[in-house]
Amino acid sequence: MKILFLGRDNRYDILIDNLKNKYDIYCLGYGYRKDVKIGDISNINNYDIIVLPMSGFKNNKVDIFRLPSNFFDDFKGIIYTGFKGNLKGNVISFLSDNDIVLENTKITVDGIIDKISNYNINNVCILGYGNIGSILYDKIKDKYTVYVGVNKKVDIKHTFKTDNYIDMEKIFLNSDIIINTVPSHIIPKYILEKINCYFLDVASYPYAINKEDINNYSFKYELYSQIPSKYDPKRAGKILLKKF
């Protein structure tokens, strides 16, 4: 069986290491690897499986490769990726596997905790109480005073509704760090203008703030995305192996 890894993803090195002794592995975008063959996309139907980065095929690009919008439409094999987007055919999303999502969330939370451990922090505000927010809260609630912004009532301490801007402003101004997990612009501009703490954004697009607006504010803002591939790609890659 021929497998093409098209586009770079740090998590996939562990996949390649484990699969190269079983299958015929080809890579494009992994120029530093001399232990696998260089792929060729002139006829993608030469492959049985194509593995795209977790970001998938977005804006006619796979990683650094710009391709026609219909490039994969006639592919007869299996495509593995994270975000399916508009991909057609037999597409398997790693992110449709609940076990993989949970393990990636745990790695994400560990990466966040490791990053904030270098700061002098007492009061933490987490925006969102979904997969990331809930696990993060459970792991740090005994170390810090943690406030959580929610859109519906949950049975934990120190919560506030994200549409209650009076509470939001008060808590933000009392926080040493704000960790945003909500992929939406839910913070009013007048509150953003008053923030003076560290703002760590771990949400997916469109994030908490428009990129072009960040320089309008005085607080330290950091976008920390694709955490599993940055913080612990080997651990994240081992989780993906089960799909093969």
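Everything that follows concerns the structure shown earlier in this document.
Residues numbered from 1 in each chain as written. Predicted model: local features only at pLDDT ≥ 70, side-chain atom pairs only at ≥ 80, totals over all residues. Heavy atoms only, no water.

Undergrad: Would you mind going over the sheet that holds strand E11 (residues 159-161) with me for this structure?
TA: Sheet strands line up and pair through hydrogen bonds in the backbone, either parallel or antiparallel. One open sheet holds the 6 strands; their spatial order is E11-E10-E9-E12-E13-E14, and the pairing between them is parallel. Two strands bound the open sheet, and with one partner strand each, they are E11 and strand E14 (221-223). Shown here is a sheet whose adjacent strand axes are inclined to one another by a mean of 20°, direction ignored. Relative to E11, strand E10 (residues 145-150) is paired through 3 bridges, and the arrangement is parallel. (Pairing = 2+ DSSP bridges. Helix = DSSP H or I, 4+ residues; strand = E, 2+ residues; numbered from the N terminus. Axes fitted to C-alpha atoms, helices over the stretch in contact; angles between N-to-C directions.)

Undergrad: Can you help me understand the pairing of strand E13 (residues 198-201) in this one?
TA: For a regular strand, the rule is simple: side chains alternate between the two faces of the sheet. Side-chain alternation along E13 places Tyr198 and Leu200 on one buried face and Phe199 and Asp201 on a second face that is also buried. Of the strand pairs in this sheet, strand E12 (residues 177-180) and E13 are connected by 4 bridges, and their pairing is parallel. Looking at the pairing, Ile179 lines up with Leu200 of E13. The pairing of E13 with E14 spans 3 bridges and is classified as parallel. The partner of Leu200 across the bridge, within E14, is Glu222. (Buried < 20%, exposed > 50% of the residue type's maximum accessible area, 1.4 Å probe, protein only.)

Undergrad: Before we go on, may I ask you to explain the pattern of salt bridges in this structure?
TA: Tallying each qualifying case throughout the model produces 15 salt bridges. The residue Asp9 makes a salt bridge to Arg11 at a minimum N-O spacing of 3.0 Å. Given the relative accessible area of 6%, Asp9 is considered buried. Arg33 is paired through a salt bridge with Asp13; the nearest N and O atoms lie 3.1 Å apart. Here Arg33, found in the loop between strand E2 (24-28) and strand E3 (37-38), pairs with Asp13, found in helix H1 (residues 12-19); they are 20 residues apart in sequence, far enough to count as distant. A relative accessible area of 11% places Arg33 in the buried class. Each member of the salt-bridge network shares a partner with another, and the members are Arg8, Asp13, Asp17, Lys20, Arg33 and Asp35. (Salt bridge = Lys/Arg side-chain N within 4 Å of Asp/Glu carboxyl O.)

Undergrad: Would you take a moment to explain the layout of surface pockets for this structure?
TA: Where empty space is left can be seen by rolling a probe of water-molecule size over the atoms. Considered as a void within the structure, the largest pocket measures approximately 1,000 Å³ in volume. If you go around the largest pocket, you meet 29 residues; those closest to its centre are Phe83, Val202, Ala203, Ser204 and Gln226. Taken together, the elements giving at least two residues each to the lining of the largest pocket come down to helix H2 (98-116), helix H3 (131-140) and helix H6 (227-231). It is H2 that provides the largest number of residues to the lining of the largest pocket, a total of 4 residues. For the lining of the largest pocket, the residue count by class is 15 nonpolar, 12 polar and 2 charged. Its volume calculated, the second largest pocket comes out at about 270 Å³. (1 Å grid on protein atoms, 1.4 Å probe; cavity = no way out; pocket = protein on both sides within 12 Å on 5 of 7 lines; lining within 4 Å. Points joined across faces, edges and corners; volume = space filled by probe spheres on them. Nonpolar A, V, L, I, M, F, W, Y, C, P; charged D, E, K, R; others polar.)

Undergrad: Looking at this structure, I do not really get the nonpolar core. What am I missing?
TA: One broad trend across soluble globular proteins is that nonpolar side chains are buried collectively. Counting residues in each nonpolar core, the largest one holds 22 residues, and the members touching the most others are Ile112, Ile116, Val124, Val146, Ile177, Ile179 and Leu200. Mapped by element, the contributors of at least two residues to this core are H2, strand E9 (123-127), H3, E10, E12 and E13. If one sorts the elements of this core by residue count, H3 sits on top with 4 residues. Ignoring sequence-local partners within four residues, the contact set of Ile116 consists of Ile121, Tyr144, Ile177, Ile179 and Leu200. (Core = buried A, V, L, I, M, F, W, Y, C linked by side-chain atoms within 4.5 Å. Contact = heavy atoms within 4.5 Å.)

Undergrad: Could you clarify how one ought to interpret the packing of H1 against helix H7 (residues 233-240) in this entry?
TA: For any two helices packed against each other, one specifies the crossing angle of their axes together with the interaxial distance. Where H1 contacts H7, the two axes come as close as 7 Å, and the packing angle between them is 55°. Between H1 and H7, the crossing angle belongs to the class labelled oblique. The hand of the H1/H7 crossing is right-handed. Between H1, through Tyr12, Ile14 and Leu15, and H7, the contact on the second element is made entirely by Lys234, Gly237, Lys238 and Leu240. Split by residue class, the contact of H1 with H7 holds 4 nonpolar, 1 polar and 2 charged. (Parallel < 35°, antiparallel > 145°, perpendicular 65-115°, else oblique. Left-handed = near helix turned anticlockwise from the far one by under 90°.)

Undergrad: Could you clarify how one ought to interpret the side chain of Thr181 in this entry?
TA: In this structure, Thr181 sits in the loop between E12 and helix H5 (189-192). Aside from chain neighbours lying at most four places away, what touches Thr181 is Ile126, Leu127, Gly128, Ile132, Gly133, Val202 and Ala203.

Undergrad: Where do I start with the packing of aromatic side chains in this structure?
TA: This model, assessed by the stated rule, comprises 14 aromatic pairs. The interplanar angle of 15° and the centroid separation of 5.7 Å between the aromatic rings of Tyr217 and Phe219 together place this pair among those described as stacked. Of the residues examined, Phe219 reaches a relative accessible area of 8% and is grouped as buried. One aromatic cluster in this structure is built from Phe5, Tyr12, Tyr80, Phe94 and Phe244. A cation sits over an aromatic face here: Lys115 above Tyr224, 4.6 Å from the ring centre. The ring of Tyr198 has Lys220 sitting right over it, with the charged end atom 5.0 Å from the ring centre. (Phe/Tyr/Trp six-rings, centres within 6.5 Å; stacked < 30°, edge-to-face > 60°. Lys NZ or Arg CZ within 6 Å of the ring centre and 35° of its normal.)

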